[in-house]
Amino acid sequence: MYGVDTISSLFTALVGLEHVYIFLLESFGWGTKKFNITFGIRSAEAEKLKHTQLDVLVKTLFANQGFYNLILAVGLFWGLLHPVPEFGKEIQFFFMVIQRHIKFKTATRKRTLEGR
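A quick note: this is a predicted structure, and the numbers were derived from the prediction, not measured.

Right, let's talk about the pattern of salt bridges for a bit. The final tally for this structure, using the stated rule, is 2 salt bridges. Where Glu45 meets Arg42, a salt bridge forms, and the shortest distance between an N and an O atom there is 3.2 Å. We classify Glu45 as buried; its relative accessible area is 6%.

This model, assessed by the stated rule, comprises 7 aromatic pairs. Members of the aromatic cluster, joined through ring pairs, are Trp30, Phe35, Phe39 and Phe62.

Next up on the list: the environment of Glu26. Following the sequence through the fold, Glu26 ends up in helix α1 (residues 4-28). Along the sequence, Glu26 and Pro85 sit 59 residues apart, while their C-alpha atoms lie 32 Å from each other. Once residues within four sequence positions are removed from consideration, Glu26 is found in contact with Phe35, Phe39, Phe62, Ala63, Gln65, Gly66 and Asn69.

As a further point, take the environment of Gly29. Positionally, Gly29 belongs in the loop between α1 and α2 (33-38). Once the C-alpha coordinates of Gly29 and Leu76 are considered, the two residues, 47 residues apart in sequence, prove to be 23 Å apart. Excluding residues that lie within four positions of it along the chain, Gly29 makes contacts with Leu24 and Phe35.

Although it is not a glycine, His51 adopts a positive phi angle of roughly 60 degrees. Locating His51 in the fold gives a position in the loop between α3 (43-49) and α4 (53-81). A relative accessible area of 79% means that His51 is categorised as exposed.

Rules used throughout
- Residues numbered from 1 in each chain as written.
- Predicted model: local features only at pLDDT ≥ 70, side-chain atom pairs only at ≥ 80, totals over all residues.
- Heavy atoms only, no water.
- Salt bridge = Lys/Arg side-chain N within 4 Å of Asp/Glu carboxyl O.
- Buried < 20%, exposed > 50% of the residue type's maximum accessible area, 1.4 Å probe, protein only.
- Phe/Tyr/Trp six-rings, centres within 6.5 Å; stacked < 30°, edge-to-face > 60°.
- Helix = DSSP H or I, 4+ residues; strand = E, 2+ residues; numbered from the N terminus.
- Contact = heavy atoms within 4.5 Å.

Function cannot be read off these values alone, since they describe shape.
See below:
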């Protein structure tokens, strides 16, 4: 039977991997069909943005958000791999609290690229 520590470490690793995936999608997937579907960007909106100053700005903003997700993932993995397990759990807790707070804040606001 698995202990609570093992199960919590497994879920922490899954959340960390999710943040790595989001980092890759936001930082390198701009303009792809998968990106547009994931973030609810309509094809017409994406076409209008191509090769404009707003395209560069939005791409930069998503890359910045992707980097934030990478920092969360690195923090979670740091907590998992820390040589002092008790301190590692505290690190994991810290990054999970940040992650949950941001998810709650962004879940309560939904906007399109046009600002509606």
